[in-house]
Amino acid sequence: MKLTAEECKLIKSCWSKLAPEREDIGGEAMTRLFQVYTQSKIYFSHFDLCPGSNDIHHHGQKIFKALDRVINNLENIRGALSELSDLHAYNLRVDPVNFKFLTRCLHVTMASSLRVEYTAVAYLAFDKLLCEVSDVLTEKYR
């Protein structure tokens, strides 16, 4: 699914509004992931998984930096995620379903930050983007 010009514009607009909170939002999404989808913890046995831990905060920052790279390269998502795709497929061997779980947690976290600005249209645009990100991250599993 290719993002339309309107979807790209909406994504970039919402993303820029999240800028002041990006340092914390990734950690929030990871905390939600571990609380709701506890099976995801298996990949982070070396982390302090207590809410608010430095490990969770740091990994959340990595996720948002990767998403920032994607949003700044919407015309080449595959290229923006090439290294991460290799890492997750060949080294970490993360079960692909976890990307869907994280997508759900990212939606909730962004919605709680953006509130009324995270409209149904914004949700759909981000969902389309995050599905594409998940597809790219898991395509090398096949």
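Summary of the structure given here. Please read these numbers as outputs of a predicted model, since none were measured by experiment.

Focus on the overall build of the chain
Secondary structure summary: the chain contains seven helices and zero strands in total. Across the chain, helices and strands are ordered from the amino to the carboxyl terminus as α-α-α-α-α-α-α. With the principal axes as the frame, the chain shows a C-alpha extent of 40 × 35 × 20 Å. Within the chain, contacts between residues separated by at least 24 positions form 73% of all contacts whose residues are at least 6 apart in sequence. Carbon and sulfur atoms form 55% of the exposed surface of the chain, whose accessible area is close to 8000 Å². Considering the chain, the positive charge centre built from 18 side chains and the negative charge centre built from 18 side chains are found 3 Å apart.

Quick look at the packing of aromatic side chains
By convention here, two paired aromatic rings are described through the distance between centres and the angle between planes. The full count for this structure, using the stated rule, is six aromatic pairs. Ring centres 5.1 Å apart and planes at 10° place the aromatic pair W15 and F64 in the stacked group. With a gap of 49 residues between them, W15 in helix α1 (residues 5–18) and F64 in helix α3 (residues 54–71) connect regions that are remote in the sequence. Under the relative-accessibility criterion, W15 is labelled buried at 3%.

Some points on the environment of F126
One can find F126 in helix α7 (residues 120–138). Separated by 16 residues in the primary sequence, F126 and M110 place their C-alpha atoms 9.8 Å from one another. Residues in contact with F126, not counting those within four places in the same chain, are I11, C14, W15, I71, H107, M110 and Y118.

The rules behind these values
- For every chain, the first residue of the written sequence is number 1, and numbering continues from 1 onward in sequence order.
- Local features in a predicted model are, by the rule used here, given only for residues with pLDDT of at least 70; side-chain atom pairs are given and counted only at 80 or more, and totals for whole chains, interfaces and linings are based on all residues.
- Computation of side-chain values covers all heavy atoms of the structure but excludes hydrogens and water.
- Secondary structure elements are defined from DSSP: runs of H or I of at least 4 residues count as helices, runs of E of at least 2 residues count as strands, and each element is numbered from the N terminus.
- The contact rule is simple, with two residues in contact once any of their heavy atoms fall within 4.5 Å.
- Using a 1.4 Å probe, accessible areas were evaluated by the Shrake-Rupley method; residue-level cover was limited to the displayed protein chains.
- A residue counts as positive if it is Lys or Arg and as negative if it is Asp or Glu; His and the chain ends are not included.
- Where a charge lies is defined by one atom per residue type, namely NZ (Lys), CZ (Arg), CG (Asp) and CD (Glu).
- Working definition: rings of Phe, Tyr and Trp (its six-membered ring) pair if their centres are within 6.5 Å, and the pair is stacked with planes under 30 degrees apart, edge-to-face with planes over 60 apart, and tilted otherwise.
- A simple rule labels every residue: compare its accessible area, found with a 1.4 Å probe on the protein chains alone, to the largest value its type can have, and call it buried under 20%, exposed over 50%, or partly exposed in between.

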